[in-house]
Amino acid sequence: MTHRPDGIPGPELSDAALVRELRQLHRTRHSTFLEGSEDAFETHTRRMMELEREYLRRFPDAASPDPRRTRAGRRRAAGLSV
């Protein structure tokens, strides 16, 4: 068995495993920030960024912002020119 201290590379994860790993990272972010060592936080950040990039690569439309959450979209919704 191969030892992978940084976890399985994002591209090698199944879609379900990728989503599961991201949920876990997002769940533990705040406590790692407040209570973890600097090394733990850097490792957490590196892994989170790797998996978020992989998620966006696989599901580019899933992370598109709702137009109502952008300034231009809110202006359009209010009938103002952009």
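What you see is a predicted model; the values in this text were computed from it and never measured.

A. Geometry of helix H2 (residues 38-58). Between the first and last C-alpha of H2 there are 30 Å, a value that for 21 residues agrees with the 30 Å anticipated at 1.5 Å per step. All of the buried residues along H2 are His44, Arg47, Met48, Leu51, Glu54 and Arg58. Seen from one end, H2 has its buried residues packed into an arc of 130°, which puts them on one side. Facing away from the buried side of H2 by more than 90 degrees, the exposed set consists of Glu38, Arg53 and Arg57.

B. Just the pattern of salt bridges, in detail. For the structure on display, the rule yields 5 salt bridges. Linking arginine 47 and glutamate 50 is a salt bridge whose minimum nitrogen-to-oxygen distance equals 3.2 Å. In this pair, arginine 47 and glutamate 50 both sit in helix H2, 3 residues apart, roughly one turn of the helix. Its relative accessible area of 28% is what places glutamate 50 among the partly exposed residues. Notably, a salt bridge pairs glutamate 54 with arginine 58, separated by 2.8 Å at the nearest N-O pair. A residue pair is termed a helical-turn pair when its members lie 3 or 4 positions apart in one helix, as glutamate 54 and arginine 58 do in helix H2 at 4 residues. Relative accessible area serves as the criterion here: at 6%, glutamate 54 is assigned to the buried category. Three or more residues are tied together by salt bridges with common partners; here these are Asp15, Glu54, Arg57 and Arg58.

C. Quick peek at helix H1 (residues 15-35). Between its first and last C-alpha atoms H1 spans 30 Å; for 21 residues at 1.5 Å apiece the expected length is 30 Å, and the two agree. In H1, a bend of some 45° at threonine 28 exceeds every other bend along the element. In this structure, the buried side of H1 is in contact with H2.

Each value, and the rule that gives it
Residues numbered from 1 in each chain as written. Predicted model: local features only at pLDDT ≥ 70, side-chain atom pairs only at ≥ 80, totals over all residues. Heavy atoms only, no water. Helix = DSSP H or I, 4+ residues; strand = E, 2+ residues; numbered from the N terminus. Expected span 1.5 Å × (residues − 1). Buried < 20%, exposed > 50% of the residue type's maximum accessible area, 1.4 Å probe, protein only. Arc of directions from axis to C-beta. Salt bridge = Lys/Arg side-chain N within 4 Å of Asp/Glu carboxyl O. Bend = angle between axes of the 7 residues up to and from the residue. Contact = heavy atoms within 4.5 Å.

Everything listed here is a matter of geometry and, on its own, says nothing about what the molecule does.
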